[in-house]
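Take a look at the letters that make up each chain.
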Amino acid sequence: MAKNLAGDLLVASANRLVDGVVVYLDDAGQWTTELQRAAVARDKRGGEILLERARAEGFGVVDLLLVAVTEDVEGVLEPVSLREKIRASGLTFDAIAAEAVRYA
Amino acid sequence: MPLFRETGVVDDVWTKLADDQTVPADGPVLVSLTRWRGARAALLARRGPIGVALANSDAVESLAGDVSRLDLVALHFPKFSDGRAYSQARLLRGRMGYGGELRATGSVLRDQLPFMLRCGFDAFESDQPGFADALAGARTLFSVVYQPAEDGRTPVSFLRLSSPVIRGRWPAGPEGESSSEVTNYNY
Amino acid sequence: MPDTYFYRYDRYDRALLSERIAQFRDQVRRRLAGELTEEQFKPLRLTNGLYLQLHAYMLRIAIPYGTLSSRQLRKLAEIARKYDRGYGHFTTRQNLQLNWIKLEDAPDAVAALAEVDMHSIQTSGNVIRNVTADHFAGAAIDEIEDPRIWCEIVRQWSTLHPEFSFLPRKFKIAITGSPNDRAAVRVHDIGLRLWCNERRKVGFEVIVGGGLGRTPMIGKTLREFLPKDELLAYLEATLRVYNRYGRRDNLYKSRIKILVHEIGVEKMREDVEAEYAEMKDGALKLPAETIEAIARQFAPPPLPHRPAAVAEVEALKLSEPNFALWLKSNVASHRMAGYRIVTASLKPAGAPPGDASAAQMEGVADIADSYSQGEIRVSHEQNLVLPHVAVEDLPAVWRALGQLGFAEANLGKITDIIACPGLDYCALANARSIPVAQRLSRHFAEIARQHDIGDLKIKISGCINACGHHHVGHIGILGVDKNGVELYQLSLGGDVDFGKTALGTILGPAVAADKVVEAVDSLVATYLENRGEGERFVDTFRRIGLQPFKERVYAAV
């Protein structure tokens, strides 16, 4: 079944300018690589405010965006879209197979 | 907007006229191609130099018979990534023999300068910090060019020939690169 | 280090590279210092081959005309280790992509490349891109003339071209020197085909407006025969028409194919010929001496006489079925008797197609030094080619490639899959490509079965930009996103063989990710049941049409 991509919960994300690494804006206005430390906006208006804050802290990052997330009962955040899941947790396969590094 | 030539910042003596503005009796004026076409005779009859500002979609060919009557042609970059004016510049300089000021207007950034100089631009409107320094160094940023263009530089392929071709608008290459012998190569 | 038998940089080429690196270093410094906005910086980094992907920057390194020396390949391995995560991805356009580059390291990485006369200039951005060629160039038995001579001439002319550095969109040129096109010249912005006319003159057929992507089109002949020394004048004329009149209002309509489509090839020809008439016999006409000087550098290596029939090879064919199959699929005729062209498959079962670790790159470089004149090629099918292998050395090369995992006898077979990086890496993708390729290649891993199925090209793209060339796959697979779910649209009957360039026909509704293998299995089963004598998958499809395939697939999934 199609998921609700709009989502109610939003976090602000970007790529770090210096190395391209995926980062999220935390409550202190710092960019963190940990999705679980991201500041969460709980409605559309909150999202707009979050994006404003992200822009204000945007000097060292590029490609700012809001990411729709879900939150489970223990407060663990999970992006809604596959793209954002991959941005948050990396490749979905082993980049180099074990055999490929065997030769030396 | 500050105006730069390779010598540095210069005063802009040109009055840019909108199409509905009255043409002053004298002094340098810059008009659109539409106005130039519509009022060519009157503009030529007045005292003072004439310049034409082209949109990058205007056909430069329409100035073909008039290049010797113009002292300024301004070519526009609506966005720095829109490169049509480079072709207009090369046609004006190389094919039509235009020798007056060729000015880049609009979104003009320092990193475009090596390309603009090679295409024949010699004046630039820009408000980017550091533009004057970049312009001063832009012609020597690359000691090597691979193509003939409108800046008179000899492409590497000709420097490599045992008897380099020297044409009127191509000076000899760097020291020791060319013989003084003039050879024609299939021109 | 052995001598190279292709273009060697001179002090001019090296001076330009080092000046370009200094310029890029300064641009990166200004960006990091906040003097340049991202909007201003983006085209600067792109024209130095630096993209921003999902997780990091990606550096796309040009391998001009797909030709590498062993020394260059070792340097690529070193750069992959030092500045990346120890592996790289060979692309369909004879580039190598490193996926984990830091912006702050990028100038050092390109400086390291320059140590072996390589660069990443114009591998992205709205410029003339790395010029590609037949990967068998200089070794192929059917070759009229080595296309790499012309690629190098075009490479130089197009590098930092002052007029064409802000084109409406990217511009890709491919050149073939053989009647059997291995460079896909009809699906490029400009394709050039060397041929010999009735008067025994060799010149170019100039093909314009081909391309895949969102609006796939097969290129049209702009000029039947162009004298070779007029190549640059004609290209400059064509690019000028495109630069002036190509659309800039819509990203998806800005390739030259749309211009040709909208004004018609006749009008395009008229405009280009008018422009060319002004330039003909001018400064861009290539002096014979210039052409000869470059051609001399591509002179074939002095291959010593080696026996054409070797008992050990014949014996191994009998004792090792996989070797026999490998000879059939991965070894091609060479212009010299006693030699063969060997393709190392970068598609071992279950591996990301086209990927090689630094260790594997070094391994291939060693093999090239021992057995292939120190030369390696990169094919647009994302494999590596050893162009000059003696028949006598084939067993040793097969064993050595086997140690690297690159001796899979699957060239042109169902697991020789072309795949783009897809959603795992790419910021543009809608769906993943590599995991789909992995599942397919594991499912069809058995080599004997692959040979029974025969030639079958699967090409996978993760979005409609079609980097995986799905339009021209015998089976094309296009990943789409439907409300956050990955679906895959199948198409049949695409082809890029010369004279038969064809775009695939969509089979029907897209299938779920976990049904792709079953769907392809059904397509193969339909083919096996219906194939006539000597028919390839695509031949059977052409004969019996879409319907039998469609019925079987949608009954199964």
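As the structure is a computational prediction, the values presented were derived from the model and not from experiment. (Residues numbered from 1 in each chain as written. Chains lettered and ligands numbered in written order. Predicted model: local features only at pLDDT ≥ 70, side-chain atom pairs only at ≥ 80, totals over all residues. Heavy atoms only, no water.)

A.B. asks: Help me out: how do you make sense of the overall build of chain C in this one?
C.D. replies: Looking only at helices and strands, one finds 18 helices and 21 strands in chain C. For 557 residues, the compact-globule formula gives about 24 Å, and the C-alpha radius of gyration of chain C, at 23 Å, lands near that figure. Taken over the C-alpha atoms alone, chain C extends approximately 60 × 60 × 55 Å along its principal axes. Partitioning the intrachain contacts of chain C with sequence separation of at least 6 by distance along the chain shows that 68% fall at a separation of at least 24. Of the charged side chains in chain C, 71 are positive and 70 negative, and the gap between their average positions amounts to 3 Å. (Helix = DSSP H or I, 4+ residues; strand = E, 2+ residues; numbered from the N terminus. Rg over C-alpha atoms; globule rule 2.2 N^0.38 Å. Contact = heavy atoms within 4.5 Å. Lys, Arg positive; Asp, Glu negative; His and termini not counted. Charge placed at Lys NZ, Arg CZ, Asp CG, Glu CD.)

A.B. asks: Got a minute to help me understand the overall build of chain A in this structure?
C.D. replies: For chain A, the helix and strand inventory stands at 2 helices and 5 strands. Taken from the N to the C terminus, the helices and strands of chain A come in the order β-β-β-α-β-β-α. Looking at chain A residue by residue over its 104 residues, the buried ones come to 42%. Taking as baseline every contact in chain A between residues at least 6 positions apart, the subset at least 24 positions apart corresponds to 56%. (Buried < 20%, exposed > 50% of the residue type's maximum accessible area, 1.4 Å probe, protein only.)

A.B. asks: Looking at this structure, I do not really get the nonpolar core. What am I missing?
C.D. replies: Nonpolar side chains tend to gather and get buried jointly when the protein is soluble and globular. Core analysis: the biggest nonpolar cluster contains 99 residues, and B:Leu63, B:Leu92, B:Phe121, B:Phe124 and C:Trp150 have the highest contact counts within it. Per-element tally for this core: the top contributor is helix 6 (residues 231-245) of chain C, with 9 residues. Apart from residues lying up to four places away in sequence, B:Leu63 is in contact with B:Leu33, B:Trp36, B:Val52, B:Leu54, B:Leu70, B:Val73, B:Leu92 and B:Met96. (Core = buried A, V, L, I, M, F, W, Y, C linked by side-chain atoms within 4.5 Å.)

A.B. asks: So what exactly am I meant to see when it comes to the packing of helix 7 (residues 256-263) of chain C against helix 8 (residues 265-279) of chain C here?
C.D. replies: The description of two packed helices rests on the angle between their axes and on the distance between the axes. Residue and element names in this part refer to chain C. Two elements in contact, helix 7 and helix 8, have axes whose closest approach is 6 Å; the angle formed by their N-to-C orientations is 110 degrees. Taken together, the axes of helix 7 and helix 8 lie roughly perpendicular to each other. Contact residues: helix 7 offers Ile256, Leu259, Val260 and Ile263, while helix 8 offers Val265, Lys267, Met268 and Asp271. Class assignment of the residues belonging to the contact of helix 7 with helix 8 gives a composition of 6 nonpolar, no polar and 2 charged. (Axes fitted to C-alpha atoms, helices over the stretch in contact; angles between N-to-C directions. Parallel < 35°, antiparallel > 145°, perpendicular 65-115°, else oblique. Nonpolar A, V, L, I, M, F, W, Y, C, P; charged D, E, K, R; others polar.)

A.B. asks: What is the right way to look at the packing of aromatic side chains in this model?
C.D. replies: Pairs of aromatic rings are described using the distance from one ring centre to the other and the angle between the two planes. A complete count under the given rule lists 20 aromatic pairs over all chains for this structure. For the ring pair B:Phe115 and C:Phe166, a centre distance of 6.1 Å and an interplane angle of 85 degrees mean the geometry is edge-to-face. Highlighted residues: B:Phe115 in helix 4 (residues 113-119) and C:Phe166 in the loop between helix 5 (147-158) and strand 7 (173-176), drawn from two different chains. Comparing B:Phe115 with C:Phe166 shows no difference in burial state: the two are buried. Joined through ring pairs, the aromatic side chains of B:Phe77, B:Tyr86, B:Phe115, B:Phe121 and C:Phe166 make up one cluster. Here the guanidinium or amino end of C:Arg11 rests over the ring plane of C:Tyr12, the centre of that ring lying 4.9 Å away. (Phe/Tyr/Trp six-rings, centres within 6.5 Å; stacked < 30°, edge-to-face > 60°. Lys NZ or Arg CZ within 6 Å of the ring centre and 35° of its normal.)

A.B. asks: For this particular structure, what's the right way to read the sheet that holds strand 2 (residues 57-62) of chain C?
C.D. replies: Note on sheets: strands pair through backbone hydrogen bonds, and any given pair is parallel or antiparallel. All names here are of chain C. Pairing within the open sheet is antiparallel, and its 5 strands lie in the order 1-2-5-4-13. Whereas interior strands pair on both sides, the edge strands pair on one side only; in this sheet they are strand 1 (50-52) and strand 13 (355-357). Neighbour-to-neighbour, the strand axes of this sheet turn through a mean angle of 30 degrees, independent of strand direction. Summarising the sheet, strand 4 (residues 87-90) and strand 5 (residues 95-101) pair through 2 bridges and their orientation is antiparallel. When the bridges of strand 5 are listed, Phe90 appears paired with Leu96. In the packing of helix 2 (residues 38-46) onto the sheet, contacts are made with strand 1 and strand 2, and the angle to strand 1 comes to roughly 130 degrees. Helix 3 (residues 70-83) rests against strand 2, strand 4 and strand 5 of the sheet, and its axis sits at about 15 degrees to strand 5. (Pairing = 2+ DSSP bridges.)

A.B. asks: When you look at the confidence of the model for chain A in this model, what are you seeing that I'm missing?
C.D. replies: Caution applies to low-pLDDT regions: their predicted coordinates should not be interpreted in detail. Model confidence for chain A is summarised by a mean pLDDT of 89, while 86% of its residues fall at 70 or above. Note that residues 1-6 of chain A has pLDDT below 50 and, in this model, 11 contacts with residues that lie over four places away or in other chains. (pLDDT = per-residue confidence, 0-100.)

A.B. asks: Help me understand the interface of chain A and chain C, please; the structure alone is not making it clear to me.
C.D. replies: Size of an interface: often given as the accessible area lost when the parts come together. Counting from both sides, the interface comprises 29 residues of chain A and, opposite them, 40 residues of chain C. Here chain A meets chain C over a buried area of about 2,800 Å², counting both sides, of which 64% is carbon and sulfur. For the pair chain A and chain C, the interface holds 0 salt bridges. Run the count over chain A and chain C and you get 7 residue pairs in polar contact (both at pLDDT 80 or more). Taken together, the elements giving at least two residues each to the side of chain A that touches chain C come down to strand 1 (9-16), strand 4 (61-71) and helix 2 (82-89) of chain A. Ranked by residues supplied to the side of chain A that touches chain C, first place goes to helix 2 of chain A with 4 residues. (Buried area = accessible area lost by both parts, 1.4 Å probe. Salt bridge = Lys/Arg side-chain N within 4 Å of Asp/Glu carboxyl O. Polar contact = N/O pair within 3.5 Å; in protein donor to acceptor, adjacent residues only side chain to side chain.)

A.B. asks: Would you explain the sheet that holds strand 3 (residues 67-69) of chain C in this entry?
C.D. replies: Residues and elements named next belong to chain C. The strand order across the open sheet formed by 5 strands is 3-14-15-12-11, and the pairing between neighbours is antiparallel. Since the sheet does not close on itself, it has two edges, and those belong to strand 3 and strand 11 (331-333), each with one partner. With direction set aside, neighbouring strand axes in the sheet form an average angle of 30 degrees. The pairing of strand 3 with strand 14 (residues 375-378) spans 3 bridges and is antiparallel.

A.B. asks: What exactly am I supposed to notice about helix 7 of chain C here?
C.D. replies: Turn by turn, an α-helix covers 3.6 residues, leaving residues three or four places apart pointing in a common direction. Looking at helix 7 of chain C, one finds that the buried residues are C:Ile256, C:Lys257, C:Ile258, C:Leu259 and C:Val260. C:Gly264, located one to two residues past helix 7 of chain C, shows a positive phi value of around 90 degrees.

A.B. asks: I tried to follow the arrangement of the chains on my own but got confused; where do I start?
C.D. replies: Of all 2 pairs of chains in contact, the one with the most contacts involves chains B and C. One finds no contact linking chain A with chain B; the least C-alpha distance across the pair is 19 Å.

A.B. asks: So what exactly am I meant to see when it comes to the pairing of strand 5 of chain C here?
C.D. replies: Side-chain direction in a regular strand flips from residue to residue, so the side chains alternate between the two faces of the sheet. With respect to burial, strand 5 of chain C is a largely interior element, 7 of its 7 residues being buried. Hairpin connection from strand 4 of chain C to strand 5 of chain C: 4 residues lie between these consecutive antiparallel strands, with C:Gln94 at a positive phi of about 55 degrees.

A.B. asks: I keep staring at the domain arrangement of chain C and nothing clicks. Help me out?
C.D. replies: Residue and element names in this part refer to chain C. Once the domains are mapped, chain C shows domain 1 (11-114), domain 2 (147-295), domain 3 (311-404) and domain 4 (418-556). For domain 1 versus domain 2, the distance between C-alpha centres works out to 27 Å. Domain 1 puts 7 residues into the contact, and the matching count from domain 2 is 10 residues. Here domain 1 and domain 2 share an interface that buries about 750 Å² over both sides, 64% of which is from carbon and sulfur atoms. Area buried by domain 1 at its contact with domain 2 is led by Leu16, Tyr65 and Arg93, which between them contribute 62% of it. Across the domain 1-domain 2 interface, the total number found is 1 salt bridge. (Domains from an automatic or database assignment.)

A.B. asks: Explain the interface of chain B and chain C to me, please; I cannot follow it from the model alone.
C.D. replies: Taken together, the contacts link 43 residues of chain B with 48 residues of chain C. Of the roughly 4,000 Å² buried where chain B meets chain C, counting both sides, 54% is carbon and sulfur surface. Along the contact surface separating chain B from chain C lie 10 salt bridges. Our count for the contact surface shared by chain B and chain C stands at 19 residue pairs in polar contact (both at pLDDT 80 or more). Secondary-structure elements contributing two or more residues to the side of chain B that touches chain C are helix 3 (84-95), helix 4 and helix 6 (156-159) of chain B.

A.B. asks: Looking at this structure, I do not really get the pairing of strand 7 (residues 101-106) of chain B. What am I missing?
C.D. replies: Residues and elements named next belong to chain B. The element strand 7 is extensively covered by neighbouring structure, given that 5 of its 6 residues are classed as buried. Crossover handedness for the path strand 6 (residues 72-77) to helix 3 to strand 7: right-handed. In terms of strand pairing, strand 7 meets strand 8 (residues 123-125) through 2 bridges, oriented parallel. Note on strand 8: the bridge partner recorded for Arg103 is Ala123. (Right-handed = clockwise from strand over helix to strand, strands pointing away.)

A.B. asks: For this particular structure, what's the right way to read the confidence of the model for chain C?
C.D. replies: With 99% of its residues at a pLDDT of 70 or more, chain C has an overall mean of 96. Predicted complex metrics record ipTM = 0.95 and pTM = 0.95.

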